[in-house]
Amino acid sequence: MRDIIVGMAGHIDHGKTTVVKYLTGVDTDTLPEEKTRGMTIDLGFTQIKFEDNSRVGLIDVPGHEKFIKNMSAGASGVDYLILVVACDDGIMPQTIEHFQIVKLFGVTRGMILLTKRDLVDEKRYEEVKKECQEYFKESFLERAPILEVSSKEIESYKRVKALLYRELKELKVEDEKKYFRMDIDRVFSLKGFGCIVTGTVKNGEVKVGDNLTIYPKRREVRVKSIESHGEKKESLGSGNRCAINLSGVESSELERGDIIARNLLVGDKVDCKLSLLESVPKLKNNQRIRLNIGTTEVIGRVKIYEKNYILGGEEAVVQLQLENTIGGVLGERGIVRNYSPITTIGGVELLFFPKSDFNRRDLQHIDFLNTLSKNSDRVEELFKKDMSLDEISALIGKDIELKSYISSGKIYLLDKKIIQHEILDEKLKLIENYLIEFHQKNSLKKGITKSTLRSLLLNELSQKEFNILLDLDKVKESIKVVDDYISLKDFKIRLTREEKDMKEEIFSYYKNQKFEINSYSYYFNQSKNKYLFEKVHAYMVEEGFIQYLEDEYFILSGFLKESTKLINEYFQKNITLEIKDTRALLNNSRDSAILILRKLDTLKITKNIDGVRVLIKN
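Everything in this summary refers to the structure shown in the same document. Keep in mind it's a predicted model, so treat the numbers as computed, not measured.

### Considerations on the packing of aromatic side chains
Then step 1. Scanning the model with the defined rule gives 22 aromatic pairs in all.
Then step 2. Here the aromatic rings of tyrosine 509 and tyrosine 523 are separated by 5.1 Å at their centres, their planes lie at 15°, and the arrangement is stacked. Here tyrosine 509, found in helix H15 (residues 497-513), pairs with tyrosine 523, found in helix H16 (residues 520-526); they are 14 residues apart in sequence, far enough to count as distant.
Then step 3. Every member of this aromatic cluster is reached through a ring pair, and the members are Tyr509, Tyr510, Tyr520, Tyr522, Tyr523, Phe524, Phe533, Tyr548 and Phe554.

See the structure below:
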């Protein structure tokens, strides 16, 4: 089980940092400017240690409106929320915005702490308590525990800690073997150590000696050492605060918002499911926004599929076209804020990094995105796209076990390329329909060549991938490959009576010529049905009844065999063969003898040495 992260959120000066101090013994206001201002500007990280020596990570996120982007960076990894509301102020604007943000990030468990209890009377306390019960009704905090705390009563914090321990024992968190991933929130350099990056491990495990990549810069780095809360570690899993000493990069080359990971997809266009807050009247197509995801903020525009706008409380699939590149995984959540004035307007769930240009009317792609947004088999859905296994694994965030998909017939492997069964069916249908039409137009051809069919219909496949596809059992149920020709499995050449008569006519032409070769045009011009002659002649050549010599000259296959036999017999008694000898053997003209000899040269039976043939001995 990975480590649990507890998030502390609430309005400025509602006492979050004081609660953290009493729960952990650590003051998370560590930055000098935080001490001066008396508020948490950046994320404060520490641990809560329980009596049984178990511990959980705690993030004290900032409460000031200007630092909401830091708050969203913390909330992106929170499993359990402690929402702080001061009894004297009650629910404030940032209380609401913090709650909206953690809800958009998918947090589903938490408690409410009513702080500064000693500053108000019983009546005011009950008013604030009722206010919380009514405001958070029909949310994940509807049945959440509500506790009161006071800095004058240390026992109140002990009660909170005891209840938190029981709550977290019941909490089930995701425990998948995902790729290591950490959003960098701080970069610095120490003398004698070099570059150090910090963050909270989002997924997977990091080990000393690991070779990783900084995204989106794609800088290869190596892990020299790891620390967590001041302790040296050989490895560290998700949910933990982490400092990594890196080799292969300078601190000046990195920045907050970068991601250190094993494998990640990046892009400046990302398809998402966007959920608009009910309080937002409308989000228009092409509206400028700010996206807070991980530890980065990036500006971009919302392109809405199908619609011109989204109304408050609605969900829609959109494409965010960003001014900078981001990295992410399927299902990762982010916050969308208005460009100006800066207010939270909704949340997004990352779905896909598209390669093609945006087409708001692409219904097939919209269906694909809607399916990805559901808890169906997202991996199988991604197999439908033109993605490599490495790209799919990067988007999913973990290695994919292909055996079950292959054994169940959901995917097929074409060398290193994956093809999903529905896509294979589509391609197979495409081939079948083409062959039906081809056979209708070319009834005397045994099929189309593999190279021609691939270039016409499946040029996205390499020759090797195409050959593997043709050899699949599913494909061979309806399609056959003979030599280099592809046809429908049940296709057979069936000559009509008229075609059979033409076949006999052509036979008679070549039978009468024997070894005295006439041109194709000579016989073509003699025929009364030239279209049929051309069609049947091509069939006879393809089927091997007639052998091509060169240019427009042909010979019956039987006569070519006979001429080969006569010449072989000649070489049993002679070393060389001249043209005049060939003429005497075959009783033909010089030109005809030369045509036959050249054919034998091509067939590697004879070899021409200065006009004299010798037999090639195999």
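There is more to say after this.
### Remarks on the sheet that holds strand S31 (residues 576-577)
In sheet architecture, strand pairing relies on hydrogen bonds along the backbone and comes in two forms, parallel and antiparallel.
Then step 1. Read from one edge of the open sheet, three strands run S31-S33-S32, paired in antiparallel fashion. Of all the strands in the sheet, just S31 and strand S32 (606-609) have a single pairing partner and so form its edges.
Then step 2. On top of the sheet, helix H20 (residues 590-602) reaches S31, S32 and strand S33 (612-615); it is set at about 110° to S32, its chief contact.

### Section: the nonpolar core
Then step 1. Grouped together as the largest cluster of nonpolar side chains are 51 residues, with contacts concentrated most on Leu291, Leu320, Phe352, Leu382, Phe383 and Leu395.
Then step 2. In terms of residue count, the dominant contributor to this core is strand S21 (residues 315-328) (six residues).
Then step 3. When sequence neighbours within four positions are dropped, the list of residues in contact with leucine 382 reads Leu330, Phe352, Phe368, Leu372, Met387, Ile392, Leu395 and Ile396.
Then step 4. By size, the runner-up hydrophobic cluster in this structure holds 35 residues, among which are Leu532, Val536, Ala593 and Ile605.

### What about unusual backbone geometry?
Then step 1. Here the residue pair tyrosine 215 and proline 216 is connected by a cis peptide bond, since its omega of 0° sits within 30 degrees of zero.
Then step 2. Among the secondary structure elements, proline 216 is positioned in the loop between strand S10 (211-215) and strand S11 (219-228).
Then step 3. Following serine 340, the chain continues to proline 341 via a peptide bond in cis, the omega torsion being -5°.
Then step 4. Even without being a glycine, asparagine 53 presents a positive backbone phi close to 75°.
Then step 5. With respect to the helices, strands and loops of the structure, asparagine 53 is situated in the loop between strand S2 (44-49) and strand S3 (55-60).

### Focus: helix H13 (residues 463-470)
Then step 1. Those residues of H13 lying buried are Glu465, Phe466, Leu469 and Leu470. Buried residues along H13 cover an arc of 135° about the axis, so they all sit on one side.

### Thoughts on the pattern of salt bridges
Then step 1. Tallied over the entire structure, the rule returns 43 salt bridges.
Then step 2. For aspartate 471, the salt bridge goes to lysine 476, with nearest N and O atoms at 3.4 Å.
Then step 3. Three or more residues joined by partner-sharing salt bridges are found here, namely Arg181, Asp183, Lys202 and Glu332.

### Section: helix H5 (residues 122-135)
Then step 1. Between its first and last C-alpha atoms H5 spans 20 Å; for 14 residues at 1.5 Å apiece the expected length is 20 Å, and the two agree.
Then step 2. Within H5, the full set of buried residues consists of Tyr125, Val128 and Cys132. The buried residues of H5 occupy an angular sector of 70° when projected down its axis, which confines them to one face. Turned more than 90 degrees away from the buried face of H5 sit Lys123 and Glu134, all of them exposed.

Cut-offs applied
- Residues numbered from 1 in each chain as written.
- Predicted model: local features only at pLDDT ≥ 70, side-chain atom pairs only at ≥ 80, totals over all residues.
- Heavy atoms only, no water.
- Phe/Tyr/Trp six-rings, centres within 6.5 Å; stacked < 30°, edge-to-face > 60°.
- Helix = DSSP H or I, 4+ residues; strand = E, 2+ residues; numbered from the N terminus.
- Pairing = 2+ DSSP bridges.
- Contact = heavy atoms within 4.5 Å.
- Axes fitted to C-alpha atoms, helices over the stretch in contact; angles between N-to-C directions.
- Core = buried A, V, L, I, M, F, W, Y, C linked by side-chain atoms within 4.5 Å.
- Buried < 20%, exposed > 50% of the residue type's maximum accessible area, 1.4 Å probe, protein only.
- Arc of directions from axis to C-beta.
- Salt bridge = Lys/Arg side-chain N within 4 Å of Asp/Glu carboxyl O.
- Expected span 1.5 Å × (residues − 1).

By themselves, these are just geometric observations and shouldn't be taken as functional.
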